[in-house]
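Chain residues, written in single-letter form:
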Amino acid sequence: MKSEEDLEKGGFVLPGELVGTTEEFKPGDGTAVIGGDIYSTVTGNVFIDRKARVVSVKPNTLTPNILKVGDIVYGRITDVRESGAMVEIAGIEGKENREIVNVRPGDIHVSNVRDSYVKRLADEFRPSDIVRARVVDVERMRLTTAEDSLGVVKLLLKLQRRTRAGREKA
């Protein structure tokens with residue numbers, strides 16, 4: 001174990017290093033308890049909150065993004081069907097700097113689009129729309145947009161192009 005003085009100053013530790021005991025601290029982020037001792041689970045610097053009596057380890061390395069229930073994600077609608085919309089997930093809010101490890105297409109079921117009744121899903125989403133959604137089930141990759149802060153953030157409008165004669169064509 002590093003000296004208490006080193007740990008107090010935010011000492012650098014590796015996974016498996018002893019950073020405290022449960023008699024003195026509660027385990028925080030980046031730690032695990034084994035037999036009453038608190039060990040680092042990540043490579044990083046020790047942070048001791050004396051007031052809350054918590055010891056944590058702030059990672060020096062970025063860990064891979066793994067989708068969890070409750071994560072807010074951004075994605076592109078790839079297909080809209082009668083009962084659901086398929087979403088290609090692009091990133092996790094707040095963790096945009098790392099690739100997602102367990103990413104696969106998500107699904108927004110018609111019952112998870114909004115709090116009120118949705119008659120036609122095609123009225124809510126179109127292919128290529130960009131959505132902000134919350135993960136509700138990681139195993140089946142279910143998403144929801146049924147909250148005020150969620151939904152389409154950029155929609156694809158049917159673009160019109162001008163012909164040489166100046167008329168508009170869809």
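Note: the structure precedes this text.
Small disclaimer: the values here were computed from a predicted structure and weren't measured.

### Observations regarding the environment of Asp71
- Position of Asp71 among the secondary structure elements: in the loop between strand E7 (54-59) and strand E8 (72-80).
- Exposure remark for Asp71: the relative accessible area of 11% places this residue in the buried category.
- Spatially, the C-alpha atom of Asp71 lies 7.4 Å from that of Glu93, the residues being 22 residues apart in sequence.
- When residues no more than four places from it in sequence are discounted, the contact partners of Asp71 are Ile66, Ile92, Ala133, Arg134 and Val135.
- Here Lys68 takes part through its backbone nitrogen, which lies 2.8 Å from a polar atom of the side chain of Asp71.

### Regarding the pattern of salt bridges
- Within this structure, the stated rule accounts for nine salt bridges.
- Between Glu147 and Arg134 there is a salt bridge, with its nearest N and O atoms 2.8 Å apart. Of this pair, Glu147 sits in the loop between strand E12 (142-144) and strand E13 (151-154) while Arg134 sits in strand E11 (residues 130-137), placing them 13 residues apart in sequence.
- Judged by its relative accessible area of 24%, Arg134 is partly exposed.

### Examining the nonpolar core
- Counting 18 residues, the largest nonpolar core has Leu67, Val73, Val87, Ile89, Ile108, Phe125 and Leu143 as the members making the most contacts within it.
- Secondary-structure elements contributing two or more residues to this core are E8, strand E9 (84-92) and E11.
- Here Ile89 is in contact with Leu67, Val73, Tyr74, Gly75, Ile100, Val103, Arg104, Gly106, Met141 and Leu143, once residues within four sequence places are set aside.
- Formed by nine residues, the second largest nonpolar core is a distinct cluster that contains Val13, Phe25, Val46 and Ile48.

Thresholds, definitions, all that
- Residues numbered from 1 in each chain as written.
- Predicted model: local features only at pLDDT ≥ 70, side-chain atom pairs only at ≥ 80, totals over all residues.
- Heavy atoms only, no water.
- Helix = DSSP H or I, 4+ residues; strand = E, 2+ residues; numbered from the N terminus.
- Buried < 20%, exposed > 50% of the residue type's maximum accessible area, 1.4 Å probe, protein only.
- Contact = heavy atoms within 4.5 Å.
- Polar contact = N/O pair within 3.5 Å; in protein donor to acceptor, adjacent residues only side chain to side chain.
- Salt bridge = Lys/Arg side-chain N within 4 Å of Asp/Glu carboxyl O.
- Core = buried A, V, L, I, M, F, W, Y, C linked by side-chain atoms within 4.5 Å.

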